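# Residue-level structure breakdown
Chain by chain, the residues run as shown.
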Amino acid sequence: MIESNRDYVLNYFDGLRTNAIAESINAKIQIAIIKNRGSRDLDFFLYRVANFL
């Protein structure tokens, strides 16, 4: 398993890069989805996501 994911494992050590920013943005989008409470208006949802980030 380590050999098949070697590039991903060593990615942090090569350039100190992680996916923390992507995970943070994903968490904020998930919170926006929860706060949206079932609205079906896509434009309004995208507006809320843009203002939440």
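Residues numbered from 1 in each chain as written. Predicted model: local features only at pLDDT ≥ 70, side-chain atom pairs only at ≥ 80, totals over all residues. Heavy atoms only, no water.

## Overview of the overall build of the protein
- For the protein, the helix and strand inventory stands at three helices and zero strands.
- Listing every helix and strand of the protein by position from the N terminus yields α-α-α.
- Each principal axis of the C-alpha atoms in the protein carries an extent, and together these give about 45 × 20 × 15 Å.
- In the protein, which comprises 53 residues, the proportion classed as buried is 8%.
- When the accessible surface of the protein is summed, it comes to about 5000 Å², and 57% of that surface belongs to carbon and sulfur atoms. (Helix = DSSP H or I, 4+ residues; strand = E, 2+ residues; numbered from the N terminus. Buried < 20%, exposed > 50% of the residue type's maximum accessible area, 1.4 Å probe, protein only. Areas by Shrake-Rupley, 256 points an atom, 1.4 Å probe, with all protein chains shown as cover.)

## A closer look at the environment of Asp43
- The residue Asp43 is located in helix α3 (residues 42-52) in this model.
- For Asp43, a relative accessible area of 61% translates into the label exposed.

## A few points about helix α2 (residues 20-36)
- Compared with an ideal rise of 1.5 Å per residue, which puts 17 residues at 24 Å, α2 spans 24 Å between its outermost C-alpha atoms and is within 8% of the ideal.
- Positive backbone phi, approximately 55°, marks Arg37, located one or two places after α2. (Expected span 1.5 Å × (residues − 1).)

## Here's the deal with a nonpolar patch on the surface
- Nonpolar side chains collect at one region of the surface, where Tyr12, Phe13 and Leu16 lie side by side and expose about 380 Å² of accessible area between them.
- Within the secondary structure, Tyr12 is located in helix α1 (residues 6-15).
- On the basis of relative accessible area, Tyr12 is assigned to the partly exposed category, the value being 39%. (Patch = residues over 30% accessible without salt bridge, like charges linked within 9 Å, V, L, I, M, F, W, Y side chains within 5 Å. Salt bridge = Lys/Arg side-chain N within 4 Å of Asp/Glu carboxyl O.)

## Description of the environment of Lys35
- One can find Lys35 in helix α2.
- With 29 residues separating them along the chain, Lys35 and Arg6 place their C-alpha atoms 38 Å apart.

## Observations concerning the confidence of the model for the protein
- Residues at a pLDDT of 70 or more form 96% of the protein, whose mean pLDDT is 81.
- Taking the mean pLDDT of every element in the protein, the minimum, 79, falls on α1 and the maximum, 85, on α2. (pLDDT = per-residue confidence, 0-100.)

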